[in-house]
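Examination of the molecular architecture
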Amino acid sequence: MKQYFCIYRVPVATMDEWRANTSPEEMKKQSEELGAKMMAWTEKHKASLVGQGYPLGKTKTVTKDGARDGRNDLNYAQIVEAESLDDAAAIFADSPHMDIPNSFIDVMEIPHPGM
């Protein structure tokens, strides 16, 4: 089995729009519903998932001129095991993450684990 690094992405504009147009109560409700769906999805695919995954938070962008606060569309990272890149991508076909408007997941082979 090969390993694949998977990045869950939600465009910054989508998140900004959701936060601006959704009440705190509705945000909580939607977050809880998505969380429950993701837990069920995780259980269904647990044989392919390596570890629990990694929620991604605040960002610093670092350049030769220093570090500054940054924003990006990266939301969560997960490592999966599969026979091929196509098989790894297929794991996410039924991911509840896709219920978030404009969201997507990048799946990349890890060619040399533990370099």
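The residue Asn-102 is not glycine, and still its phi comes out positive at about 65°. Judged by relative accessible area, Asn-102 falls into the exposed class, the value being 56%.

On to the layout of surface pockets, then. Empty pockets left among the atoms are what a rolling probe the size of a water molecule brings to light. As a volume, the largest pocket reaches approximately 1,200 Å³. In terms of lining, the largest pocket is formed by 43 residues, of which the most central are Val-10, Leu-34, Asn-75, His-97 and Ile-100. Secondary-structure elements contributing two or more residues to the lining of the largest pocket are helix H1 (12–21), helix H2 (24–44), strand E2 (49–55) and strand E5 (74–82). Ranked by the residues each element gives to the lining of the largest pocket, the list is headed by H2, at 11 residues. Along the lines of polarity and charge, the residues of the lining of the largest pocket split into 16 nonpolar, 17 polar and 10 charged.

Before going further, it helps to examine the pattern of salt bridges. For the coordinates displayed, the defined rule picks out 9 salt bridges. Notably, a salt bridge pairs Glu-43 with Lys-46, separated by 2.8 Å at the nearest N-O pair. Taking the shortest distance from any N to any O, the salt bridge between Lys-44 and Asp-94 comes out at 2.5 Å. With Lys-44 in helix H2 and Asp-94 in the loop between helix H3 (85–91) and strand E6 (104–109), this residue pair connects regions lying 50 residues apart in the sequence. Overall, the relative accessible area of 59% leaves Lys-44 in the exposed class. Judged by its relative accessible area of 34%, Asp-94 is partly exposed.

This paragraph deals with H2. The terminal C-alpha atoms of H2, which comprises 21 residues, lie 30 Å apart, in line with the 30 Å expected from a rise of 1.5 Å per residue. Restricting attention to buried positions, one finds in H2 the residues Met-27, Met-38 and Trp-41. Relative to the axis of H2, the buried residues are bounded by an arc of 60° and lie together on one face. The outward face of H2, more than 90 degrees from its buried face, is lined by the exposed residues Glu-25, Lys-28, Met-39 and Ala-40. Turning to H2, the residues buried within the fold contact strand E1 (2–9), H1, E2 and H3.

This brings us to the pairing of strand E3 (residues 59–63). By the bridge criterion, 5 bridges tie E3 to strand E4 (residues 66–70) in an arrangement that is antiparallel. Bridge pairing links Thr-59 to Gly-70 in E4. Where E3 folds back onto E4 in an antiparallel hairpin, the turn is made up of 2 residues.

Attention now moves to the sheet that holds E6. Adjacent strands of a sheet pair through backbone hydrogen bonds, lying either parallel or antiparallel. One open sheet holds the 4 strands; their spatial order is E2-E5-E1-E6, and the pairing between them is antiparallel. A single partner strand is all that each edge strand has here, and the edge strands are E2 and E6. Sheet twist, expressed as the mean angle between neighbouring strand axes with direction ignored, is 20°. Bridging between E2 and E5 involves 4 bridges; their strand directions are antiparallel.

So, about the nonpolar core. Generally speaking, nonpolar side chains in soluble globular proteins are found buried as a group. Tyr-4, Cys-6, Trp-41, Val-80, Phe-92 and Val-107 are the most contacted members of the largest nonpolar core, which totals 13 residues. Listing elements by their share of this core, those giving two or more residues are E1, H2, E5, H3 and E6. Looking at this core, the element that brings in the most residues is E1, giving 3 residues. Every residue in contact with Tyr-4, bar those within four places of it in the chain, is listed here: Gln-78, Ile-79, Val-80, Ala-82, Glu-83, Ser-84, Leu-85, Ala-88, Val-107, Met-108, Glu-109 and Ile-110.

Procedures and definitions
Residues numbered from 1 in each chain as written. Predicted model: local features only at pLDDT ≥ 70, side-chain atom pairs only at ≥ 80, totals over all residues. Heavy atoms only, no water. Buried < 20%, exposed > 50% of the residue type's maximum accessible area, 1.4 Å probe, protein only. 1 Å grid on protein atoms, 1.4 Å probe; cavity = no way out; pocket = protein on both sides within 12 Å on 5 of 7 lines; lining within 4 Å. Points joined across faces, edges and corners; volume = space filled by probe spheres on them. Helix = DSSP H or I, 4+ residues; strand = E, 2+ residues; numbered from the N terminus. Nonpolar A, V, L, I, M, F, W, Y, C, P; charged D, E, K, R; others polar. Salt bridge = Lys/Arg side-chain N within 4 Å of Asp/Glu carboxyl O. Expected span 1.5 Å × (residues − 1). Arc of directions from axis to C-beta. Contact = heavy atoms within 4.5 Å. Pairing = 2+ DSSP bridges. Axes fitted to C-alpha atoms, helices over the stretch in contact; angles between N-to-C directions. Core = buried A, V, L, I, M, F, W, Y, C linked by side-chain atoms within 4.5 Å.

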